[in-house]
Amino acid sequence: MNDTMTPQHAQSRPQQPSQQRPQTRTGQRALRVPHRLTHRLTPLVLALSVLATSTLHTGAAFAKKGDKRVITETSESNRLASRQVKYSLKQLGAQYTLQLRGLLGRAGVVMSNRGDEVVVGAKLRLNYTYSPALLSDISHINVVINDQVAYAIPVPQEQGGLNVQREINLPARLFTDTNRLTFELVGHYTRDCEDPAHTSLWATINNDSELELTLAPLSITNDLATLPAPFFDPNDATQVALPMVLSGTVTQPLLEAAGTLSSWLGAVGNYRTMRLSTLVDQLPTQGHAVVLAMGNSLPAGINAEALQGPTVSMVTHPNDPNGKLLLVRGRNEKELRIAANAVALGSSAMSGPSALITSLSDLKPRKPYDAPKWLPSDRPVKFGELIKPDLLTVAGTRPEQIRVNVNVPPDLFDWKTKGMPLDLKYRYTPPRNLNNSTMNVSANNQFLASMRLLPRELGPTDQISDILQKIAPPKGDPTLSQARINIPLYKLPASGQLQFTYIYDLPKDEPCKNVPEDALDNVRSTIEAESTVDISGFSHFIAMPNLAAFGNAGFPFTRMADLSETAIVLPERPTLVDYTAYLNLMGMFGRSTGYPGTGVTLATASQADLLKNKDVVLIGNSSNQPLVGAWSKSSAANMDSQSRRFKLSDMTRGLMSWWDNLAPAHAQPAKAELSFNAKGTDGVLVGYESPVTTGRSVVQISANTPEGLTQVMNALQDPDMVRNIQGGMAVVRGKNVESLVSEPSYHVGKLDPLTYVQWFFSRNPLLLLLVELAGAFLLASIFYLSLRSRAAKRLPEQL
């Protein structure tokens, strides 16, 4: 059903006052001057009127106070270059169907728009269901944008209980940089007194409902102060797609600088996945791009000043007036590295169209497990460090969940531990009576604990108690509740989330005496920012290979946030696909740590000395990567354009829980080796211990075709596919991932001596039995020799 109103429909339906004003093409209010009054206006007033009308019709975009963007305008040519984007509610954060309950049930999502684009059109394709008991003449569902009602959906009884599809045109003028799309049920099932919690008051909005936006570009100035925008915009909810242009001869230093910038983009991109592409000596036809160049060699069309040192510039794309190019240049390898590091570490301090880097101090060495996105391993962490405090408070009797994202190192050793301690402090509006009101705690949607919300009734005894409290105040805060919960680590993987849900049980009063508490708007619930989570009591120790830890957290390479103990080995003659795989891998590492990989080592097979004491990522197959053949005894897979070889165990590896850091120790040794020739597109991820340095890891990324390598990288960036990457080997074919058992595991990390001995013997009970027997024999021998010596001393005395 399409709800684009005809004039007759518009007349029969009352509109919001804000919708009755005349609109321009961009949704702005038009300034109209009545013809009969124009002769009375002075020339100055006429000039101001025309100027105001022109400004509104061109869609001028004004930056907010404190925003680094410059005042610009949307031209007609920009409007013609508009694009359309579509978001499902699931993509916007609604992991489940939105539930609207009660007289004023609310639920919604938050979305943002890029700063270099403006919304000029919006459509909402809804998939929803509502209760058949709702009275259609006094019930409806409001679509609210930024606290303004954009549309009221009728609820005719004949469609009650059915799945309904509806397309709604939304006013573009309501959208800003950051938007909240809310659905509000105004529901009534009777004209008499109502129970606000009656079971017939419900509606659901499917999370496959879709929001389509038409976006027009804004002309922006060349200013480094806007970095990382427009190349990455924090308000952009879509996947980051950006070309990296390598100018001139592609050398190792040029690639290292490109990798640093890729990891920086991954770090600022936070949770968003990134798809980087690679171009050599040519610009994309349109859009934004990052250009790296050594010396004065630049792609055709770019006019830049002669270099005087490490330089970072922002210029307009020569073939696209709305596109921007970030030029990172140096006269030699050292200056190029300085320019790339300056962007990755100090872009927030830059301004103007160009910056000449005069100095960049040497970076202090990073420490293991100090990634900004990971919980520190040496102290408790407050919630206020993980999330904005204002997001820890919710309102209403059926508030939204409070969500706190928690990233932990994947090698935490939880053997014989109670779990991760969570010291929780929370407040709430006390219910009137003792009822079933609770606050539930979950980790990744897995239930952990439930706390009863207790009332605070004021009777005569309580009044006396209040007087005594004023005379002698008690210690502590009586309105603050506390609880300690131990979270099993298997419920909180590397990228996890803690969820807190307040559920208020509405009292059942006599008819016509029950006032909806939602209408009073006086119910508040909060998790204190002083609440803490602590991993300082855990050792770091994990069985390897563990491709799940690699896919979810980039481990063990991200153990050092700057990747200073990581080496990436490219094929001898890399192609654009190999470059792209390398850059996307660096972006994945940056997204995992929140820090740019300024210390990574890029090498080839002939530079084996650079691989000592490093964890190695090996890209290529036996046809283009010599180390694949040289390390074939350690690897469980090998392939080229025609042939494949796999080492297999007795059975396919089941989908174990990836966070079980001891599970790989149960892997079965390879019992067979399969080799065959076939056509097709395959990619494989293989993990094994480094043949160069004991205790170091290798992750081999191989494919028989360039398309197969692209498929592997796509799998690492797809949340639905990466969860299937397990164990020591994973084969990727299109959208399918099959994880297989490979060689027996090795371990990385360190335990204290006592814990290691206990753990070792728990894994080897027969050896423990032998040690116990040997100990018993040794103890018996000592006692025997001691008693025999004493007996020998007594014997002469008796003689």
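Preceding this paragraph is the structure being described.
Note that the coordinates shown come from a computational prediction; the quantities given were computed from them, not determined experimentally.

*Asks:* Tell me what's going on with the overall build of the chain, and back it up with residues and numbers.
*Replies:* Counting secondary structure elements, the chain contains 14 helices and 41 strands. Burial analysis of the chain (799 residues in total) assigns 49% to the buried set. Across the chain, every contact between residues at least 6 apart in sequence was considered, and the portion connecting residues at least 24 apart equals 77%.

*Asks:* Got a sec to walk through the side chain of Lys324? Specific residues and values, please.
*Replies:* When you line up the elements, Lys324 lands in strand E17 (residues 320-330). Summary of buried charges: Lys324 has no salt-bridge partner, and the nearest side chain of opposite charge, Asp320, is 9.2 Å away. Within the structure, the side chain of Lys324 is placed 3.0 Å from the side chain of Thr316, a separation counted as a polar contact. Contact partners of Lys324, with chain neighbours within four places excluded, come to Ile220, Thr221, Asn222, Pro230, Phe231, Gly287, His288, Ala289, Met314, Val315, Thr316 and His317.

*Asks:* Outline the sheet that holds strand E7 (residues 140-145), supporting the account with residue identities and numerical values.
*Replies:* Note: strands within a sheet are paired through backbone hydrogen bonds, in either parallel or antiparallel orientation. Judged by pairing direction, the sheet is antiparallel, and its 4 strands sit side by side in the order E5-E10-E7-E8 without closing on themselves. Every interior strand has two partners, whereas the edge strands, strand E5 (104-112) and strand E8 (148-154), have only one. For this sheet, the mean angle separating the axes of adjacent strands, direction not counted, is 20°. In terms of strand pairing, E7 meets E8 through 6 bridges, oriented antiparallel. Counted as the bridge partner of Asn142 is Ala152 from E8.

*Asks:* I'd like a description of the pairing of strand E25 (residues 446-452), backed by residues and values.
*Replies:* Inspection of the sheet shows strand E24 (residues 438-443) paired to E25 by 6 bridges, in the antiparallel sense. From the neighbouring strand, Met439 faces E25, where its bridge partner is Met451. The loop that links E24 with its antiparallel partner E25 comprises 2 residues; one of these, Asn444, has a positive phi angle of about 50°.

*Asks:* So what about unusual backbone geometry? Which residues, and what values?
*Replies:* Backbone torsion omega between Ala229 and Pro230 reads 0°, so that peptide bond is classified as cis. In this fold, Pro230 is placed in the loop between strand E12 (210-217) and strand E13 (240-246). Here the residue pair Met544 and Pro545 is connected by a cis peptide bond, since its omega of 0° sits within 30 degrees of zero. In this structure, Pro545 sits in the loop between strand E30 (539-544) and helix H8 (547-553). Even without glycine at this site, Asp281 takes up a positive phi of about 60°.

*Asks:* Any chance you could break down the sheet that holds strand E41 (residues 746-750) for me, citing the residues and the numbers?
*Replies:* Strand order in the open sheet formed by 3 strands is E22-E30-E41, and the pairing between neighbours is antiparallel. Among the strands making up the open sheet, the edge pair consists of strand E22 (412-413) and E41. The pairing of E22 with E30 spans 2 bridges and is classified as antiparallel. Bridged to Leu412 within E30 is His540.

*Asks:* Would you mind going over the packing of aromatic side chains in detail, with residue names and values included?
*Replies:* Applying the stated rule across the entire model yields 15 aromatic pairs. Each ring, one from Phe413 and one from Trp759, has its centre 6.4 Å from the other, and the planes form 80°; the classification is edge-to-face. Remark: Trp759 occurs in helix H13 (residues 753-763) and Phe413 occurs in strand E22; sequence separation between them is 346 residues. The class of Trp759 is buried, set by a relative accessible area of 5%. With a centroid separation of 6.3 Å and 75° between ring planes, the pair formed by Phe550 and Phe589 is classed as edge-to-face. One end of the pair, Phe550, is in helix H8; the other, Phe589, is in helix H9 (residues 576-593), with 39 residues separating them in the sequence. Exposure remark for Phe589: the relative accessible area of 0% places this residue in the buried category. By the ring-pair criterion, three or more aromatic residues cluster together here, those being Phe413, Trp415, Phe541, Tyr756, Trp759, Phe760 and Phe761. In this structure, Arg366 packs its charged tip against the face of Tyr595, placed 4.1 Å from the ring centre.

*Asks:* Could you give me a rundown of the environment of Asp147, with the residues and numbers involved?
*Replies:* Along the chain, Asp147 turns up in the loop between E7 and E8. Once the C-alpha coordinates of Asp147 and Leu174 are considered, the two residues, 27 residues apart in sequence, prove to be 9.5 Å apart.

*Asks:* Outline the environment of Leu506, listing residues and values.
*Replies:* Looking at where Leu506 falls in the secondary structure, it is placed in the loop between strand E27 (495-503) and helix H7 (517-520). Placed 69 residues apart in sequence, Leu506 and Ser437 show a C-alpha to C-alpha distance of 8.2 Å.

*Asks:* Now, about the pattern of salt bridges: what can you tell me, with residues and values included?
*Replies:* As enumerated under the stated definition, the model contains 22 salt bridges in all. One salt bridge connects Glu212 with Lys86, and the closest N-O pair in it is separated by 3.9 Å. A residue pair is termed long-range when its members are at least 10 positions apart, and Glu212 in strand E12 and Lys86 in strand E3 (residues 83-88) qualify at 126 residues. Since its relative accessible area comes to 48%, Lys86 is described here as partly exposed. Among the ionic pairs, Glu400 bridges to Arg180, the shortest N-O distance being 2.2 Å. Of this pair, Glu400 sits in the loop between strand E20 (393-395) and strand E21 (402-407) while Arg180 sits in strand E10 (residues 178-186), placing them 220 residues apart in sequence. Looking at Glu400, the relative accessible area reads 34%, which means it is partly exposed. A relative accessible area of 29% means that Arg180 is categorised as partly exposed. Salt bridges sharing partners connect three or more residues here, namely Lys86, Lys123, Arg125, Glu167, Glu210 and Glu212.

*Asks:* Residues and numbers for H9, please.
*Replies:* The end-to-end C-alpha distance of H9 is 26 Å, a good match for the 26 Å that 18 residues give at a rise of 1.5 Å each. Buried residues dominate H9, accounting for 16 of its 18 residues. A positive backbone phi angle near 75° is found at Gly594, which sits one or two residues after H9.

Cut-offs applied
Residues numbered from 1 in each chain as written. Predicted model: local features only at pLDDT ≥ 70, side-chain atom pairs only at ≥ 80, totals over all residues. Heavy atoms only, no water. Helix = DSSP H or I, 4+ residues; strand = E, 2+ residues; numbered from the N terminus. Buried < 20%, exposed > 50% of the residue type's maximum accessible area, 1.4 Å probe, protein only. Contact = heavy atoms within 4.5 Å. Lys, Arg positive; Asp, Glu negative; His and termini not counted. Salt bridge = Lys/Arg side-chain N within 4 Å of Asp/Glu carboxyl O. Polar contact = N/O pair within 3.5 Å; in protein donor to acceptor, adjacent residues only side chain to side chain. Pairing = 2+ DSSP bridges. Axes fitted to C-alpha atoms, helices over the stretch in contact; angles between N-to-C directions. Phe/Tyr/Trp six-rings, centres within 6.5 Å; stacked < 30°, edge-to-face > 60°. Lys NZ or Arg CZ within 6 Å of the ring centre and 35° of its normal. Expected span 1.5 Å × (residues − 1).

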